[in-house]
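# Residue-level structure breakdown
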Amino acid sequence: MAAPAGHPAREARSEYSEEALAAALADVPELARLLEIDPYLKPFAPDFQRWYKLFSKTLNNIGENEGGIDKFSRGYESFGVHRCADGGLYCKEWAPGAEGVFLTGDFNDWNPFAYPYKKLDFGKWELYIPPKQNRSVLVPHGSKLKVVIRSKSGEILYRISPWAKYVTRDSDNVNYDWKHWDPEHPYKFKHSKPKKPRGLRIYESHVGISSYEGKIASYKHFTCNILPRIKDLGYNCIQMMAIMEHAYYASFGYQITSFFAASSRFGTPEELKELVDTAHSMGITVLLDVVHSHASKNSEDGLNMFDGTESCYFHYGPRGNHNLWDSRLFAYSSWEVLRFLLSNIRWWLEEYGFDGFRFDGVTSMLYHHHGIGQNFSGDYHEYFGLQVDEDALTYIMLANHLVHTLYPDSITIAEDVSGMPALCFPISLGGGGFDYRLAMAVPDKWIQLLKEYKDEDWNMGNIVYTLTNRRYLEKCIAYAESHDQALVGDKTLAFWLMDAEMYTNMSVLTPFTPVIDRGIQLHKMIRLITHALGGEGYLNFMGNEFGHPEWLDFPRKGNNESYHYARRQFHLTDDDLLRYKFLNNFDRDMNKLEERCHWLSAPQAHVSEEHETNKIIAFERAGLLFVFNFHPSNSYTDYRLGTTVPGKYKIVLDSDAAEYGGHQRLDHNTDFFSKPFEHNNCPYSLLVYIPNRVALVLQNVDLPN
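Conventions adopted
Residues numbered from 1 in each chain as written. Predicted model: local features only at pLDDT ≥ 70, side-chain atom pairs only at ≥ 80, totals over all residues. Heavy atoms only, no water. UniProt positions renumbered as here; feature names shortened; annotations may be inferred. Patch = residues over 30% accessible without salt bridge, like charges linked within 9 Å, V, L, I, M, F, W, Y side chains within 5 Å. Areas by Shrake-Rupley, 256 points an atom, 1.4 Å probe, with all protein chains shown as cover. Salt bridge = Lys/Arg side-chain N within 4 Å of Asp/Glu carboxyl O. Helix = DSSP H or I, 4+ residues; strand = E, 2+ residues; numbered from the N terminus. 1 Å grid on protein atoms, 1.4 Å probe; cavity = no way out; pocket = protein on both sides within 12 Å on 5 of 7 lines; lining within 4 Å. Points joined across faces, edges and corners; volume = space filled by probe spheres on them. Nonpolar A, V, L, I, M, F, W, Y, C, P; charged D, E, K, R; others polar. Buried < 20%, exposed > 50% of the residue type's maximum accessible area, 1.4 Å probe, protein only. Domains from an automatic or database assignment. Pairing = 2+ DSSP bridges. Axes fitted to C-alpha atoms, helices over the stretch in contact; angles between N-to-C directions. Contact = heavy atoms within 4.5 Å. Expected span 1.5 Å × (residues − 1). Core = buried A, V, L, I, M, F, W, Y, C linked by side-chain atoms within 4.5 Å. Phe/Tyr/Trp six-rings, centres within 6.5 Å; stacked < 30°, edge-to-face > 60°. Lys NZ or Arg CZ within 6 Å of the ring centre and 35° of its normal. Lys, Arg positive; Asp, Glu negative; His and termini not counted. Polar contact = N/O pair within 3.5 Å; in protein donor to acceptor, adjacent residues only side chain to side chain. Parallel < 35°, antiparallel > 145°, perpendicular 65-115°, else oblique. Left-handed = near helix turned anticlockwise from the far one by under 90°.

The protein chain is annotated in an unreviewed UniProt entry as 1,4-alpha-glucan-branching enzyme from Neophocaena asiaeorientalis asiaeorientalis. As stated in UniProt under Catalytic activity (unreviewed entry), the record for the protein chain gives "Transfers a segment of a (1->4)-alpha-D-glucan chain to a primary hydroxy group in a similar glucan chain."

Structure below.
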């Protein structure tokens, strides 16, 4: 929501030209709507005008020079290597810094110069190899290829095509090899895409760690073993991490080397298509974690120095390097870089059937400073002016325009820590075009509370503020924790709560210890209040729903290349003698209740109570009354709760129930009646018994479903 009066965000430009405002309103179709939602953006109307005009100009240029964005975003149909109908081979590359380009591979016994490309305008090169006389396949499926570059200095470089669709690494090889992917029987999708969910419940997933064994799991394993679990847990969306090929496994998929290749360490492209198709058959939306904010520095098997120059796909000099990530930064103003990235977006939608994207590193893209050393206090000046990388912002707008034009039900999510205004508004309003942004302050708040404060010192108002402090009408994905907190060096909520006792005291055959009891109760409460109050979508990283008892650490030199911690022990939830099942059950029923009552798609909650002494938070959303007692010891009999609606209430979710590892202190057959007794600025109220460390959800059964 817009920041309150007196907030630093309000200290915007105090004066602005009415003429400039009028010009901006004339140029941006629905800017008036944005300024009506947040009038404090009026001084920055010229910025929105400039951004929209840059987007429109680029889109028009694409139309004039390329026949429209539809054709422009099909670069993968001509670039790379393609079998022609006559059995020949057509090849095309963009290598503006090259003196010569050649194709070599198994098909010609690795003769490096036998097949030279012809130089075209604008740094493009093409090659046509006629078919064999017997019409047999010129380059067999699975055979190895390389593009050979002769640089301006005369150096001979062996490169993987930026458009390669499949790359693998042999066990005895340091670098990846490009293999021609042209199967005789490509996978045919059997199921249609699911409808866009009313409320997103996202299961953040990594295929490689999805097995309990210390090994890299496969697409097949995920399809057969994990998708049914996700469906049972009530999630309607999976966000697939580490799919775009990355040479370094421990990068978690964020150092991309081959942008059009699905990671071969998990299986084949056809097996990934089967995974997506199977998810669709279950009604599950599938999002790709797309990394267009930077690229790996690898040159032997990456984009870096493809044509022998430092630039090509990236900025030249310091602007082309990300100092913290040790990676390369795209030159978003380059025509061919735009073609490459927009075609990459379309490729994953069309070839693999993904339903949208979570864009990684959006903050790094939006600003020339990449967010490094920035606190983002909320002052509106931080989001406008010279620090904004308008080339990158134009690309973001084009990408969102393309996604939503091709598939109107597609979903895009921005990973932006800055909170840039209008990023999640439609482009016609002057926005960035994203559907959602991640509520990145929420997990930091929970970690801060668990790390720095005693339970009795938790500030209820501060919790509510953090969970509700979002820009009005810009949708957020709330999460208590993601993959970031699971990584080695950090701690998950379960670890902050229970630490080493998770290894010794999770058996139901032993009595609750104070640590385990507290941990299980707060784990449920934190997740439910985040789910119900924190946004218009919810995200959970795989395994965290049941309090996975290990951190996540990929094989690397520092751990002797061990896979022991690069796994998820889902079998722990299947063991009736372990308490992990309680957290798993609660997560499932929490999601199923949202599926039935749709609070994520309801207006933001009405908070009626945030009592610091009693440690009570109460709010209404989607016809439900949510109550949280965070007090470590105090239970309350006949506690009065305000409500805006009269009627009979029943308990529909109780974290204290036996199936969730609770203490069964509430009678679920009890009826609670709200009466016209004003309380906490609500016209009605009811009396409820609220045990300590319990979350309750009550439903007004007199209201229509």
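A cluster of nonpolar side chains, namely Phe113, Ile156 and Tyr158, defines an oily patch on the protein surface of about 240 Å² accessible area. By secondary structure assignment, the location of Phe113 is in the loop between strand E3 (98-105) and strand E4 (118-119).

Okay, empty space enclosed by the protein next. Counted by the stated rule, this structure contains four cavities of 30 Å³ or more. Lining the largest cavity we find Glu204, Gln239, Arg358, Glu415, Leu438, Met440, Tyr479, Ser482, His483, Asp484 and Leu539. In terms of residue class, the lining of the largest cavity is made up of four nonpolar, three polar and four charged. Roughly 50 Å³ of internal volume is contained in the second largest cavity. Together, Phe48, Trp51, Leu393, Met397, Met420, Pro421, Ala422, Leu423, Gly430, Gly431 and Gly432 line the second largest cavity. When residues of the lining of the second largest cavity are traced back to their parent elements, those giving at least two are helix H3 (45-66) and helix H9 (390-406).

Considering all chains together, one arrives at 46 salt bridges under this definition. Between Asp499 and Lys491 there is a salt bridge; the shortest N-O distance is 3.4 Å. Judged by its relative accessible area of 34%, Asp499 falls in the partly exposed class. Residue Lys491 is classed as partly exposed on the basis of its relative accessible area of 29%.

Time to look at the domain arrangement of the protein chain. Considered domain by domain, the protein chain is made up of domain 1 (25-72), domain 2 (73-180) and domain 3 (605-700). Between the C-alpha centres of domain 1 and domain 2 there is a distance of 39 Å.

Turning to the sheet that holds strand E24 (residues 624-629), a few remarks are in order. Strand order in the open sheet formed by six strands is E22-E23-E24-E29-E26-E27, with antiparallel pairing between adjacent strands. For this open sheet the edge positions go to strand E22 (606-611) and strand E27 (672-674), each flanked by a neighbour on one side alone. Averaged over all pairs of adjacent strands, the angle between their axes in this sheet comes to 25 degrees, without regard to strand direction. Its contacts with the sheet put helix H11 (residues 460-468) on E22 and strand E23 (616-621), and the angle it makes with E22 is roughly 155 degrees. Strand contacts of helix H15 (residues 580-597): E24, strand E26 (647-654) and strand E29 (694-700), with the helix running at about 145 degrees to E26, the strand carrying the most contacts.

Here the focus is the sheet that holds strand E1 (residues 80-83). What the four strands build is an open sheet, ordered E1-E2-E5-E4; its pairing is antiparallel. This sheet does not close on itself; its edge strands, each paired only once, are E1 and E4. Two strands pair when backbone bridges link them, and E1 and strand E2 (residues 89-94) are joined in this way by four bridges, in the antiparallel orientation. When the bridges of E2 are listed, Val81 appears paired with Cys91.

So, on to helix H7 (residues 335-350). Think of an α-helix as 3.6 residues a turn; residues three or four steps apart then line up on the same face. Compared with an ideal rise of 1.5 Å per residue, which puts 16 residues at 22 Å, H7 spans 22 Å between its outermost C-alpha atoms and is within 8% of the ideal. Counting buried positions over the 16 residues of H7 gives 14, a clear majority of the element.

Further remarks concern the UniProt feature "active site" (unreviewed entry) in the protein chain. Sites flagged by UniProt as "active site" (unreviewed entry) map to Asp360 and Glu415. The greatest C-alpha distance among the residues just named is 5.4 Å, despite their covering 56 residues of sequence, which places them together in space. Filtering the just-named annotated residues for those lining the largest cavity gives Glu415. Checked against the element boundaries, Asp360 lands in the loop between strand E17 (356-359) and helix H8 (362-366). Judged by its relative accessible area of 8%, Asp360 falls in the buried class.

Let's shift gears to the nonpolar core. Judged by nonpolar contacts, the single largest core of 187 residues is most densely connected at Leu103, Ile238, Tyr313, Trp348 and Trp446. With 17 residues, the next largest nonpolar core counts Tyr639, Leu666, Val688 and Ile690 among its residues.

Below, the discussion takes up the pairing of E23. Of all the six residues making up E23, six are buried; the element is thus mostly covered by neighbouring parts of the structure. Here E23 shows no split at all, with Ile616, Ala618 and Glu620 on one side and Ile617, Phe619 and Arg621 on the other all buried. Of the pairings in the sheet, the one linking E22 to E23 comprises five bridges and is antiparallel in character. Paired with Glu609 across the bridge in E23 is Ala618. In this antiparallel pair of consecutive strands, E22 and E23, the connection spans four residues, and Lys615 shows a positive phi of 60 degrees. Joining the antiparallel neighbours E23 and E24 is a turn of two residues, in which Ala622 adopts a positive phi near 55 degrees.

In this section: the packing of aromatic side chains. All chains considered together, the criterion is met by 52 aromatic pairs. Relative to Tyr580, the ring of Phe546 has its centre 6.2 Å away and its plane inclined at 90 degrees; by these criteria the two rings are edge-to-face. With Phe546 in the loop between strand E21 (537-541) and H15 and Tyr580 in helix H15, the pair connects residues that are 34 residues apart, well separated along the chain. Its relative accessible area of 4% is what places Tyr580 among the buried residues. The lysine or arginine in question, Lys273, covers the ring of Tyr352, its NZ or CZ lying 5.5 Å from the ring centre.

What follows concerns the side chain of Glu609. By secondary structure assignment, the location of Glu609 is in strand E22. Although Glu609 is buried, it makes no salt bridge; Arg640 carries the closest opposite charge, 9.5 Å away. At 2.3 Å, the side chain of Glu609 and the side chain of Tyr639 are in polar contact.

Attention now goes to the packing of helix H14 (residues 514-533) against H15. The geometry of H14 relative to H15 is characterised by a closest axis approach of 10 Å and an angle of 20 degrees between their N-to-C directions. Classified by the angle between their axes, H14 and H15 sit roughly parallel to one another. With respect to the hand of their crossing, H14 and H15 are arranged in right-handed fashion. In this structure, H14 contributes Ile520, His523, Lys524, Arg527, Leu528 and His531 to the contact, and H15 contributes Leu583, Phe586, Asp587, Met590, Asn591 and Glu594. Considered class by class, the residues forming the contact of H14 with H15 number five nonpolar, three polar and four charged.

With that out of the way, let us pick up H15. The end-to-end C-alpha distance of H15 is 26 Å, a good match for the 26 Å that 18 residues give at a rise of 1.5 Å each. In terms of burial, H15 is largely enclosed, as 13 of its 18 residues are buried. Positive phi shows up at His598, right after H15, with a value of about 60 degrees.

What follows deals with the pairing of strand E14 (residues 285-290). Among the six residues that make up E14, six are buried, leaving the element largely enclosed by the rest of the structure. Side-chain alternation along E14 places Thr285, Leu287 and Asp289 on one buried face and Val286, Leu288 and Val290 on a second face that is also buried. Relative to E14, strand E11 (residues 237-241) runs parallel, the two sharing four bridges. Among the inter-strand pairings, Ile238 is bridged to a residue of E14, identified as Val286. Bridge count between E14 and E17: three bridges; the pairing is parallel. For Val290, the partnering residue across the bridge sits in E17 and is Phe359.

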